[in-house]
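Residue-level listing of the chains:
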Amino acid sequence: MTVDAVEEPFRTQLTVRLREGQTLLGVDLPAPCTFTSGHGVDILWMGPDEYLVLAEPGRQAELEASLSGESAAVVDVSAQRNVVRLTGSHARDVLAHGCSIDLDPSVSPPGTCVQTLLARTGIVLMVREEGFTILVRQSFSDYFEAWLADASLEYVS
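The rules behind each value
- Residues numbered from 1 in each chain as written.
- Predicted model: local features only at pLDDT ≥ 70, side-chain atom pairs only at ≥ 80, totals over all residues.
- Heavy atoms only, no water.
- Helix = DSSP H or I, 4+ residues; strand = E, 2+ residues; numbered from the N terminus.
- Rg over C-alpha atoms; globule rule 2.2 N^0.38 Å.
- Buried < 20%, exposed > 50% of the residue type's maximum accessible area, 1.4 Å probe, protein only.
- Contact = heavy atoms within 4.5 Å.
- Areas by Shrake-Rupley, 256 points an atom, 1.4 Å probe, with all protein chains shown as cover.
- Lys, Arg positive; Asp, Glu negative; His and termini not counted.
- Charge placed at Lys NZ, Arg CZ, Asp CG, Glu CD.

**Q** It is not clear to me how the overall build of the protein should be interpreted in this structure. Could you clarify?
**A** A tally of regular secondary structure across the protein gives 3 helices and 12 strands. The C-alpha atoms of the protein give 16 Å as radius of gyration, which agrees with the globular expectation for 157 residues (15 Å, within 12%). By principal-axis analysis of the C-alpha atoms, the protein measures approximately 50 × 30 × 25 Å. In the protein, which comprises 157 residues, the proportion classed as buried is 46%. Sequence separation of at least 24 residues holds for 61% of the intrachain contacts in the protein that already meet a minimum separation of 6. Split by element, the accessible area of the protein, about 8000 Å² in all, is 52% carbon and sulfur. Each charge sign in the protein was given a centre, from 10 positive and 22 negative side chains, and these centres are 5 Å apart.

Take it as geometry only, folks, not as evidence of what the structure does.
Below, the structure is given as structure tokens:
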């Protein structure tokens, strides 16, 4: 199989609003349209002064407590989006079927993070060394899974 989609259920997701500062949870804040990683978290740039912290399941309370002293507004949005990891030699080709973002590595290298549409579904797309992480709203998950299965058909051996 040259495309593999794996759901990562129950991921911790916290929206954090910061007025100022250079780090969050000991990790440098990402530049626009990127994400940074460290200490078991990914920090995604979502807009001016808005970040999404993505971590393993069950870390909400721990991370919220860690953020309480950082002059941040923190909201647990863990139930808002499903997380899917897309890997394989044709993962980029599958995404090209429904995404207008240029995913060529010279344009969207690992560390790129964008909010975009994929097959008319709003997603957050993270480009990683080993593939892609896609965050899709719960209400669109069934549609997204059906679209992904259809778009992957020609690449499945």
